[in-house]
Amino acid sequence: MLATGVAVVTSGMPVKEIMSFRSKMTVATQRRMIKTKKGLIGLAPKLARKGDFICLFKGGMVPFVMRKVKSRWVLIGDSYLHGIMHGEAFEETKCETMWIQ
């Protein structure tokens with residue numbers, strides 16, 4: 001909060017604007033920028049790594065990062081991928097059963 005106070009005094013910006021920006025940036029904490037094999041850009045959990053999968057679940061609101069471990073899947077976390085956030089990429093014909101650990 002001290003840094004915010006200093007920013008308000010030195011920038012002349014209204015506190016409301018600074019706090020709004022700060023609250024929006026908290027969405028990106030513990031996240032990393034990613035690029036998929038198909039060229040989509042987005043944010044994924046910090047624990048995501050090369051080889052993980054982006055999965056869309058029927059009725060889901062966001063894509064999830066999943067990791068295949070032997071015959072089961074591990075949920076790494078939710079993600080943001082530009083272009084598939086509103087079901088644009090969901091295809092029920094590609095759905096399959098997943099056992100999540």
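You'll find the structure just up there.
Residues numbered from 1 in each chain as written. Predicted model: local features only at pLDDT ≥ 70, side-chain atom pairs only at ≥ 80, totals over all residues. Heavy atoms only, no water.

1. Overview of the overall build of the chain
The secondary structure content of the chain amounts to two helices and six strands. Counted from the first residue to the last, the chain has its helices and strands arranged as α-α-β-β-β-β-β-β. The burial tally for the chain puts 21% of its 101 residues in the buried class. In the chain, the proportion of contacts linking residues at least 24 apart, taken out of those at least 6 apart, comes to 35%. (Helix = DSSP H or I, 4+ residues; strand = E, 2+ residues; numbered from the N terminus. Buried < 20%, exposed > 50% of the residue type's maximum accessible area, 1.4 Å probe, protein only. Contact = heavy atoms within 4.5 Å.)

2. Focus: unusual backbone geometry
In the Ramachandran plot, lysine 70 falls in the positive-phi region, its phi being about 60 degrees despite a non-glycine side chain. Position of lysine 70 among the secondary structure elements: in the loop between strand S4 (64–69) and strand S5 (72–78).

3. As for the side chain of aspartate 52
With respect to the helices, strands and loops of the structure, aspartate 52 is situated in the loop between strand S2 (41–45) and strand S3 (53–55). Side-chain polar atoms of aspartate 52 contact the backbone nitrogen of arginine 49, separated by 2.8 Å. Separated by 2.7 Å, the side chains of aspartate 52 and arginine 67 make a polar contact. If we ignore the near neighbours within four places in the chain, the residues touching aspartate 52 are Leu47, Val65, Met66, Arg67 and Ile76. (Polar contact = N/O pair within 3.5 Å; in protein donor to acceptor, adjacent residues only side chain to side chain.)

4. Focus: the packing of aromatic side chains
Applying the stated rule across the entire model yields two aromatic pairs. For the ring pair phenylalanine 53 and tryptophan 73, a centre distance of 5.1 Å and an interplane angle of 80 degrees mean the geometry is edge-to-face. In this pair, phenylalanine 53 sits in strand S3 while tryptophan 73 sits in strand S5, placing the two residues 20 residues apart along the sequence. (Phe/Tyr/Trp six-rings, centres within 6.5 Å; stacked < 30°, edge-to-face > 60°.)

5. Examining the environment of glycine 87
Residue placement: glycine 87 occurs in the segment after strand S6 (80–81). Look at glycine 87 and you get partly exposed, because its relative accessible area is 46%. Along the chain, glycine 87 and leucine 56 lie 31 residues apart, while their C-alpha atoms are 8.2 Å from each other.

6. Observations regarding the pairing of S2
Of the strand pairs in this sheet, strand S1 (residues 31–35) and S2 are connected by five bridges, and their pairing is antiparallel. Across the sheet, the residue bridging to arginine 32 is alanine 44, located in S2. Joining the antiparallel neighbours S1 and S2 is a turn of five residues, in which glycine 39 adopts a positive phi near 90 degrees. Across two bridges, the pairing between S2 and S6 is antiparallel. Across the sheet, the residue bridging to glycine 42 is leucine 81, located in S6. (Pairing = 2+ DSSP bridges.)

7. Digging into the sheet that holds S3
The three strands are arranged S3-S4-S5 in an open sheet whose pairing can be described as antiparallel. Edge positions in the open sheet fall to S3 and S5, since each of these has one partner strand only. For this sheet, the mean angle separating the axes of adjacent strands, direction not counted, is 40 degrees. By the bridge criterion, six bridges tie S4 to S5 in an arrangement that is antiparallel. (Axes fitted to C-alpha atoms, helices over the stretch in contact; angles between N-to-C directions.)

In short, geometric facts, not functional conclusions.
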